[in-house]
Every structure is written in structure tokens, then in C-alpha cells.
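Tertiary structure, described
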Amino acid sequence: MSSNSIRILAGNSHPALAKLIAKRLGTDLANVTVSKYSNQETAVTIGESVRDEDVFIIQSGCGEINDHLMELLIMINACKTASARRITAVLPCFPYARQDKKDKSRAPISAKLVANMLSVAGADHVITMDLHASQIQGFFDCPVDNLYGEPSVLRYIRENIPDWKNAIIVSPDAGGAKRATSIADHLDLDFALIHKERKKANEVSRMVLVGDVKDKVAILVDDMADTCGTLGLAAKTLMENGASAVYAIVIHGVLSGKALKVINDSVLTRVVVTNTIPHAEKKKLCPKLDTIDVSAVLAEAIRRTHNGESVSYLFQHAAI
Amino acid sequence: MKNIVVLTGSSHPKLAQRICDNLGIELSECKLGKFSNQETSVEIKKSVREKHVYIIQSGCGRVNDNVIELFILVQACLMGSAKRVTVVTPLFPYSRQSEKSQKKRLPQHQIGSEIMSSLTQQTDGPSSLPQGTFAQSFMGMSTGEGGYRQWCARAGTLVANLLQAAGADHLIAMDLHDPQYQGFFEIPVDLIYAEPCIIQWIRTEIPNWRQAVIVSPDAGGAKRATSVCNKLNLDFALIHKEDLANTKESMGLVGEVAGRPVIVLDDMIDSGSTVGLASEILKRHGATEIYAIAVHGVFSGPALQIINKSPITQVACTNTVPQEEFRKLCPKLATIDISSMLAEIIRRTFNGESVSQLFVHDEQF
């Protein structure tokens, strides 16, 4: 009896991660060519049969996001018309996740739009990691697996931060408090919060620390680091309040614009990001950058989804 | 015109401005850009609540960026409680991938030899990806190596579904590559043709048009070309491209062009290979002047160089795609303005009048 097998297709956003995932699963990446026609339209050619197979398409929302999003949609649609049995979109970093509510008049809810587009293209299942707001899962009609980078972060802290037992977990803004307290509880550490105080409009907001960091190693935890303005200011505030060293651990290291300069000039000892977004080039420019490899988590999720096993084990334990 | 809002994406703002000038209304202010991490950012400055919104976006330039921007604009209007959202696409994106039409894209080696040899000495023009990989993957596809016939993705239905999923209620498109495309949509689609503007241009700009022959550069465009030559009462000829691959000596021209000016008519000039090859064949058969007219002037890759080196006298394209940059590089290029056509269809659909008037006879705009 032949059952279907896993086929991994990779777009152009993060081929290195796709290769790591395929290696963990013991397969090769499927033969897919994704390029552009001369008029800039995306061209996708699938070089092997995917009929009745379990297809996983790995594409992260980073770099040239619109190009990568169109690549993903066209790949999903191509597999659907090629009679794949099930198509799962694996998005380590979900694109447009931060535009998830109508915060002013006529603002688009782009996260909902992306969810609609993925369903319309033909995705049956979505696997993503650390959504900006886990309520985004509700935008989909198909099943969504929101994996957590937390177990990997906990393991990194235990293995790589000297004197972690004397550390304190700090959230750089009020929105991330829940995430930071969860980590603090697991490690049995104290918790602190940095809160932006706006006295007047147009005045540079002051950062107020709530909690005591004196003589402790401060670990800033957040889900995304984009321009790093918040992280830089937070680190400065912590040092002014007596922290001995400041580390920053974020899941999605977008690091766009002046981010690397801000990190290099700041008082941060180290900035740790996962490899949901490629940053090999950025590491050369910023020696403070370190990586947590989450390909194992994604590969395990893919394997368990294919075999019909529970994925919730991964929410508590870091895949080896 | 009250209760109408016209928005433009960043693909062709000048055309949108001309359309609004024609309509006598202001283009609504809308801030478009990108966040630092390259995500598209859209801010509509004017209220769209209970208004009829027209969004003008062409599928040219950075196509994926413009397509996503269009979807986000539609969604933003939907969230802003617009009464009805109509999308106006002068050039519909991904329109040529609606069926297995990739065979029509000639690989580089089939362009006329004289033109090609002069081009190979130059380095590649601005292109985002190495041409070698695309050419290789294309060759692999056409020869079907490895036993498995490669599956080329067709994005046509997908883009139609995505546009509907984003929330569009109505689509107005100009000269779609396949008119059957209308059937991919659940929403009403109005197709508009640039033909009247093209006929007017032929009458005014080509001095000896009454002796000209209308030529279709491939079999697929014959219907389009015969429609024009019937209205102008001219002769017709056809270039049978598919035959050329097999026999070098086969001339591939059906019809007589010796000693007459010819007008090559096509819906799009993209890589320039079709029109370049056609002009060589026509010159060999004795055509005096060669005019090339296309609705959409995409001009990607080496298209402008091919045209500059070819025996073509003049090229005319409409401004569905921005043409200023191309005109600077190609002195043979002229532009046919279709903004009045688009403005007329917007006015009629907004007022609830019939648009079939626009196609019965060619009106002077």
C-alpha cells in the first residue's frame, strides 16, 4: 500500500531554512523553479509530480514581501491545479501581521486580506510561528498551527547566558508583557516592564522602568525587532537603572533600515534572533547578532502534521 | 458628479490624473508607500463611506508590488464602508498566464538573426534576475527533459479570485489578452477596447494610410487585426510564426505587401521579439514603411533596442503603461492617449448609462 509522502517546496524568501528543514526530515527539496518573466511577473514551474502528495510550501514574509507573497500564492495555486492531496503553507514569519486591526479610519486589515488570499489560492492548512497576535488564527477558515519559539528561547537562555539564574526578564513595551511573564515563570526569574510615557504630543517619550533591575543581567524579550528604536532606548534605560548587562532576544529579526547601526551603537551586549528571517549578511555587519535555529521546530511540526500526531508536545519542549 | 471617489495606485498616477481631468473631478488623496520592512502601506485620506470608489492600477513595472497594493486598497475601501468598489486596470496583471500560453513567448534564439547578433555584443540591460536561469528553465520546459512535463503555474484564475476575495465588486479592464477571462469572475466585468483610438491615430498620423496593409504578427491576433481593417477598408495580411521554427526558408507571410506601407497590429509589445521578427519578414517581402501599433507597450528586456535596430518606421502604443521613459530611449515611439476612453466608461458606469455606445462606431474623443 503506498501512502503519500512529504514534498517540500521552497520559495525564494529563505532557501537556507528550507534546506535545513528538509535535511531534518531526511528528504530533498522538491524540484521547483521560481523566477520572473522579463516583464517582472512571477513564473513558477514545478519539476516533479505532486499528484496526491502532502505538499508543504516554505515561504517567510521577509525581504521583498510582495514578491514573496505572490510567489507563495502562485505556488499554492499551481499545486492545487496539479492535484496535490493537501497543501500546507509554512510561513515562519507571517507577512502583514502587524496590520491586524483598524486602528484609524480607512485602515486596511492586511492580515485578514492575506488570510483570504491564502484560502482562495488553495491552502488547506497554515503553519506559522509566533504570530504577532494569536487572534490572527481566527481570520482563517482552515486550521492554523501557531508554533512557539518559547521553548527554544528558554533553552538558549539556559545554555548561553552566563549567570542566567541571576537575570531578570524585561518586556520592552506593555503589549509584550504576557510573553515575558510566561518566560519568567518557566525560568523562575523576576520580571520587569518598560512603559512609554507620553507627556505631550511631539515630545520624545520617556521610558519608565517598572521593576528593579539593579545589579542583574537584563534580558529583553519581544516578538519582533524591526527598526530597533524601542530596543535601543530600552537598553539605555535599563543600564541607567543599574543593570549589569542587557541582552535582547526576539523571535523575528526583521532588522530593517538603521537597525544594525542602532544595535552597534547601543549598550546591548548581544541581540539574539531566530532564523525565521535570513540574516547571514547582517551578521557580518553586526558582531552582536546571534542565532537560534528553529528549523527543528518547523521540521517536527511538518513531520507530526503529516503523520497525524499531536503537535502540542512542541509547545512545551524544544525540539532537539 | 457627487459620491464618487477616484483613487490611484502607484503604477500609473499620471494616467489617473488625466482621467480625472477628463471627468472634471479631483483625484482623491491617498498616501502610498512602504514600511521599513518593505510591507506596503496605504492611507486613504478622504472618507469613502457610502461612496462609489474607482481604483486605477495597471499591472506594469514592479508587478507584484502593484498587485498587492491594489488588493490592500480594495480592502481598505471595503473596511471604510464604501458602497461599491470598481477596479480599473488599464493593463490587467498576469493576464497572459490564463492558459498554457507560454509557448507564445519566443525563446531568445528565435529572434531575427541580424537583430540578435548586434544585441549579443552588448551587456544585458537592467534586469532583476540573471537571464540565464530563466532561459534555462524555459528551454527545459519546452523540450521536456527528464521525462516529466514540467508544470508551469498559471496565475490567471488565481489573480481573479484574489481580486474578488479582497472585495472588488466590479472590474473594468482594457484589451484583455484573452476575452474569455471574463468568465473567471463572479463579479461583472466590463471590457473596453482601444480600437477607436487606434483607428483615429491611423487616420491622422499615417500619411498614406489608404494604401496600407494591416498585418497581424501571429495567427492568434488575426481577429483583432481584421476588425480594424474592416473599419478602415484596407487589405489584410498574416504572419504565420509557428511555421518558422521548422523550415528556415519558409517566409511565413500570407498576403501581399510589396510596395505598400504596412501596419503591424498586436495587443502587447513585451520582449519585442514578435514585432522585430515580423518587421524583418515584411521588409524582405518589400514593404515600404512599417508601422507597429500595440495597445500595451510593456517594453521589457531588450525590446527597445530590438525596435531601434529593426526596419520599423514608427511604433505607437497607448498609455496603459507609463511611456515617458521609453520615449526617451526610443525616438520611434509615439503615444496614443486613451485616458478619454477610460474617463468615458467611468462616467457611464457611475451614471448607470449604457457603455455599448462606445463600441458601435468609433466616436471622435
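In the block above lies the structure referred to throughout.
A short tour of the structure in this document, coming up. By convention here, each chain's residues receive numbers from 1 onward along its written sequence. Chain labels run from A onward and ligand labels from 1 onward, assigned in the order the entries are written. In keeping with the predicted nature of the model, local features appear solely for residues at pLDDT of at least 70, side-chain atom pairs appear and are counted solely at 80 or more, and the whole-chain, interface and lining totals rest on all residues. In computing side-chain values, all of the structure's heavy atoms are included and hydrogens and water are not.

A look at the overall build of chain A
To keep things clear, this is the line we draw: The helix and strand labels rest on DSSP assignments: H or I over at least four residues marks a helix, E over at least two residues marks a strand, and numbering proceeds from the N terminus. Only protein chains enter the accessibility calculation, which uses a 1.4 Å probe; a residue whose area is less than 20% of its type maximum is buried, one above 50% is exposed, and one in between is partly exposed. In this analysis, two residues are considered to be in contact whenever any of their non-hydrogen atoms come within 4.5 Å of each other. Counted as positive: Lys and Arg. Counted as negative: Asp and Glu. His and the chain ends are not counted at all. Charge coordinates come from a single atom per side chain, which is NZ of Lys, CZ of Arg, CG of Asp or CD of Glu.
Tallying secondary structure elements over chain A gives 10 helices and 14 strands in all. For the C-alpha atoms alone, the extent of chain A along its principal axes is close to 65 × 45 × 35 Å. Burial status across chain A gives 59% buried among its 320 residues. A sequence separation of at least 24 residues applies to 62% of the contacts in chain A between residues at least 6 apart. Positive and negative side-chain charges of chain A, numbering 37 and 36 respectively, have mean locations separated by a distance of 4 Å.

Description of the pattern of salt bridges
Let me state the cut-off plainly: The term salt bridge refers to a side-chain nitrogen of Lys or Arg lying within 4 Å of a carboxyl oxygen of Asp or Glu.
Tallied over the full model, the rule gives 34 salt bridges over all chains. Glu43 of chain B serves as the salt-bridge partner of Lys31 of chain B, at 3.6 Å between the closest nitrogen and oxygen. Of this pair, Lys31 of chain B sits in strand 2 (residues 30–34) while Glu43 of chain B sits in strand 3 (residues 40–44); the two residues are 12 residues apart in sequence, bridging distant segments of the chain. On the basis of relative accessible area, Glu43 of chain B is assigned to the partly exposed category, the value being 22%. Bridged by salt links that share partners, the residues Lys36, Glu64 and Asp67 of chain A together with Lys34, Arg62 and Asp65 of chain B form one connected network.

Topic: the environment of Tyr193 of chain B
Residue placement: Tyr193 of chain B occurs in the loop between strand 8 (189–192) and helix 6 (195–205). When the C-alpha positions of Tyr193 of chain B and Leu342 of chain B are compared, they lie 9.6 Å apart, and in sequence the two are 149 residues distant.

Looking at the sheet that holds strand 5 (residues 84–89) of chain B
Residue and element names in this part refer to chain B. As a reminder of what qualifies: Pairing between two strands requires that DSSP report at least two bridges joining them. Lines fitted to the C-alpha atoms define the axes, with helices restricted to the stretch that makes contact. Angles between their N-to-C directions range from 0 to 180 degrees.
Taken in spatial order, the 5 strands make up an open sheet running 1-4-5-7-8, and their pairing is parallel. Unpaired on one side and paired on the other, strand 1 (4–8) and strand 8 mark the two borders of the sheet. Going across the sheet, the axis of each strand differs from the next one's by a mean of 20 degrees, ignoring polarity.

Description of empty space enclosed by the protein
Rules: A cavity here means a set of points on a 1 Å grid, drawn over the protein atoms and nothing else, where a 1.4 Å probe fits but cannot get out; a pocket is an open set with protein on both sides within 12 Å along at least five of seven lines, and a residue lines either one if it has an atom within 4 Å of a point. Grid points are joined across faces, edges and corners, and a volume is the space filled by probe spheres set on the points. Throughout, the ten residues Ala, Val, Leu, Ile, Met, Phe, Trp, Tyr, Cys and Pro are labelled nonpolar, Asp, Glu, Lys and Arg are labelled charged, and all others, Gly among them, are labelled polar.
One pass over the full model with this rule turns up 5 cavities of 30 Å³ or more. Size it by volume and the second largest cavity reaches roughly 60 Å³. Lining the second largest cavity, in full, are Gly61, Ile65, Cys93, Phe94, Pro95, Tyr96, Ala97, Arg98, Met224 and Val254 of chain A together with Asn37 and Glu39 of chain B. When the residues that make up the lining of the second largest cavity are grouped by side-chain class, the tally is 8 nonpolar, 2 polar and 2 charged.

Observations concerning the packing of aromatic side chains
Residues and elements named next belong to chain B. Rules: Pairing of aromatic side chains here covers Phe, Tyr and the six-membered ring of Trp, requires ring centres within 6.5 Å, and sorts the geometry by plane angle: under 30 degrees stacked, over 60 edge-to-face, intermediate tilted.
Applying the stated rule across the entire model yields 7 aromatic pairs over all chains. A centroid spacing of 5.2 Å and a plane angle of 70 degrees characterise the contact between Phe92 and Tyr181, whose relative ring orientation is edge-to-face. Separated by 89 residues along the polypeptide, Phe92 in the loop between strand 5 and helix 3 (113–120) and Tyr181 in the loop between strand 7 (170–174) and strand 8 bring together distant segments of the chain. For the pair Phe92 and Tyr181, a shared accessibility class is recorded, and that class is buried. Judged by centre distance (5.2 Å) and plane angle (65 degrees), the rings of Phe299 and Phe326 are edge-to-face. Highlighted residues: Phe299 in the loop between strand 13 (290–297) and helix 9 (303–309) and Phe326 in helix 10 (residues 324–329), separated in sequence by 27 residues. Taken as a pair, Phe299 and Phe326 share a single burial class, namely buried. Here a set of aromatic residues connected by ring pairs shows up, and it is made of Phe92, Tyr181, Phe184 and Phe185.

Some thoughts on the side chain of Thr349 of chain B
The topology assignment puts Thr349 of chain B in helix 11 (residues 339–351). For Thr349 of chain B, a relative accessible area of 18% translates into the label buried.

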